[in-house]
Every structure is written in structure tokens, then in C-alpha cells.
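Coordinates in review
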Amino acid sequence: MPRRRVDAAVNRVATRARAVLWDLDGTLTDSVRFVVDTANRVITAHGGTALDFDVIGGMTGTPLEGIFRLAFPGLSDDDAVAWRSEYRAIYDGEIIPATRLFRGARATLHELHRNGLLQATVTGKRAADCERILRGLRINDEIDVYLGGDSVAHAKPAPDLALEAARRLGCAPDECIVVGDAPSDIAMGRAAGMHVLQVAWGYARRRLPDADELVRTWPALRRAVYARSGTRAILRSGGPLRS
């Protein structure tokens, strides 16, 4: 085989994906509406006007303080922290028990794990909350590392969360695939130098500029992951519904 072909083949093997980094709300769980409604409950409780779905939905994964300051630009740091605590109290008591996976998520997580791919969460939520949600939905060994907005100094759309996940998993950035639905997810993955898959069943339904691919079904997502990892697809059913 000519030297050039050998080098190309070695390079393809070296950059195969080894890990998938998952957003939570709007990607694995059907919960973007919960985020919007809970934030608006806090805002209106303090006399503010509820924000439109697209305003909050587009900021999913970013710190809550930024959302609150859209309604109250002069909000103090102390009040922002207090409102965040109010949000979390509602979320812990009412929303986490009601959160469900999209149908297709469980089977996909299980299959990727079975096929040897590493998996981590890179959600804007606290890591412990994310783990509580997924373990409560019977996702156990599939996730190797749970990371959230409190795991790094700089939240999405900064690359820190994705890069920390790669570090914990022992992977290079170009060996990782970021899967998300919102602008902050896609921007984070792009800034981290990773391959970025945007799902169309969460917040953004049209392809965002920094996404490498837009997938509309779970089978399409699995095919996209396997194309990067060299793993053969097995499952053929399941779409963007809840389970």
C-alpha cells in the first residue's frame, strides 16, 4: 500500500470517536418546558412578566442568573442566588419526579455502552441533580461520568464542561461527540474542538450554524455516532417520544 494511503488509514483510526457527551434537557429528557415554566414561576412570583418560551428555551443550559436578569436587569447578586434557590426547590420537589426520557434515549444509551463507547453528561444542571434524574429513570452503568454546571468554573457556552468530560474519560477532544439541542450546547462543543450533533426534538428544530449534523430521529443519531466511531449500528426503532 502506498505510504500516503497508510498514513490516511492510521489517521482515521486515531481520530475515531470513543466518547459521547450528552446534554440533558431537550436531548435525553423531555424537559425544556419544565425549565421555562419553573423559571417563569420564580420571575412572576417576584412581580415580573413571564418571558417567552423561545427566550428561556434558547438559554437552556446556561446559568439561571442570566435568565432572571432578562426580566430584572438590575437584579443583585444576592437576589439572583436566592431566586436560584427558589427555582431549585420547585425543581427538586415537583419537576424531577415528573421528568421522563425521550423514547429511544434509554435504548441508545444502553447500546452505546454495550458497544464500548464512553458516555458523560454535560448539562447546565448541577451534576448531582443530573445523576439523581437519570438514576431515578433506571440509567445506571451507561453513564461513566456525571458532570454539570457546578463541575467547572465557566458554564456553557464555554468549552470547559466538554473538555473536563473528555479529561475525566481519558479522551482527546477530537475523540468526543457532543450531543445537544440548544445554542449553548452546540457552541460549547464547537469551542471544545469536538464533533457536534444537534438533535431536532428539543429546543432548536432547525440546524444551528455551529452544528456538524442535525439528526431528527434516534436511529439517525446512532448512525451518526457509529459513523464517527466505526461501530456497527444494531437498533432500528425508537423516535423522539417520551418513555
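Here, every reference points to the structure presented above.
Described in the following lines is the structure provided in the data block.

How each quantity is defined
- Residues numbered from 1 in each chain as written.
- Predicted model: local features only at pLDDT ≥ 70, side-chain atom pairs only at ≥ 80, totals over all residues.
- Heavy atoms only, no water.
- Buried < 20%, exposed > 50% of the residue type's maximum accessible area, 1.4 Å probe, protein only.
- Helix = DSSP H or I, 4+ residues; strand = E, 2+ residues; numbered from the N terminus.
- Arc of directions from axis to C-beta.
- Contact = heavy atoms within 4.5 Å.
- Core = buried A, V, L, I, M, F, W, Y, C linked by side-chain atoms within 4.5 Å.
- Phe/Tyr/Trp six-rings, centres within 6.5 Å; stacked < 30°, edge-to-face > 60°.
- Axes fitted to C-alpha atoms, helices over the stretch in contact; angles between N-to-C directions.
- Parallel < 35°, antiparallel > 145°, perpendicular 65-115°, else oblique.
- Left-handed = near helix turned anticlockwise from the far one by under 90°.
- Nonpolar A, V, L, I, M, F, W, Y, C, P; charged D, E, K, R; others polar.
- Polar contact = N/O pair within 3.5 Å; in protein donor to acceptor, adjacent residues only side chain to side chain.
- Disulfide = S-S within 2.5 Å.

Considerations on helix H7 (residues 127-136)
- Of all the residues in H7, the buried ones are Ala127, Asp129, Cys130, Ile133 and Leu134. One side of H7 holds all its buried residues, which, seen down the axis, span an arc of 160°. Turned more than 90 degrees from where H7 packs its buried face, Ala128 and Gly136 sit exposed.
- Along its buried surface, H7 packs onto helix H5 (77-98), strand E3 (118-122) and strand E4 (145-147).
- Positioned one or two residues after H7, Arg138 has a phi angle of 70°, which is positive.

Observations concerning the nonpolar core
- Formed by 49 residues in total, the largest nonpolar core has its most connected members in Trp22, Leu28, Phe68, Leu134 and Leu221.
- By residue number, the principal contributor to this core is H5, which donates seven residues.
- Contact partners of Leu134, with chain neighbours within four places excluded, come to Leu24, Leu28, Leu101, Thr121, Ile139, Ile143 and Tyr146.
- Within the second largest apolar cluster, 18 residues are counted, among which are Ala162, Ala165, Cys171 and Val178.

Details of the packing of aromatic side chains
- Inspection of every chain in the model, using the stated rule, returns seven aromatic pairs.
- Note on Trp22 and Trp218: the rings are 6.1 Å apart at their centroids and 35° apart in plane angle, and the pair reads as tilted. Of the two residues, Trp22 sits in strand E1 (residues 19-22) while Trp218 sits in helix H10 (residues 218-229), which places them 196 residues apart along the sequence.
- Between Tyr87 and Tyr91, the aromatic rings sit 5.5 Å apart at their centres with planes inclined by 20°, giving stacked as the arrangement. Of this pair, Tyr87 and Tyr91 both sit in helix H5, four residues apart, which is roughly one turn of that helix. For the pair formed by Tyr87 and Tyr91, the shared burial category is buried.

Some words on the packing of helix H6 (residues 105-114) against H10
- Interaxial distance between H6 and H10 falls to 10 Å at its minimum, and their mutual angle equals 20°. On the basis of the axis angle, H6 is roughly parallel to H10. Helix-helix and strand crossings are classified by hand; for H6 and H10 the assignment is right-handed. Residues Ala105, Thr108, Glu111 and Leu112 of H6 form the contact with H10, whose participating residues are Trp218, Leu221, Arg222, Val225 and Tyr226.
- For the contact of H6 with H10, a count of residues per class yields six nonpolar, one polar and two charged.

Remarks on the side chain of Lys156
- One can find Lys156 in the loop between E4 and helix H8 (160-169).
- Its relative accessible area of 4% is what places Lys156 among the buried residues.
- There is a polar contact of 3.1 Å between the side chain of Lys156 and the side chain of Asp23.
- In terms of polar contacts, Lys156 uses its side chain to reach the side chain of Asp185, at 2.6 Å.
- If we skip the residues at most four places from it in the chain, Lys156 touches Asp23, Gly61, Thr62, Pro63, Val122, Thr123, Gly124, Leu161, Ser184, Asp185 and Met188.

Things to note about the state of the cysteines
- Inspection of every chain in the model, using the stated rule, returns zero disulfides.
- Looking at the unpaired Cys176, the closest cysteine sulfur is the one in Cys171, lying at 4.7 Å.
- Residue classification places Cys176 among the buried residues on the basis of a relative accessible area of 1%.

Considering the environment of Ser76
- Here Ser76 shows up in the loop between helix H4 (64-71) and H5.
- The class for Ser76 is partly exposed, based on a relative accessible area of 32%.
- C-alpha separation for the pair Ser76 and Glu65, spaced 11 residues apart in sequence, amounts to 9.7 Å.

Nothing here speaks to function; it is geometry throughout.
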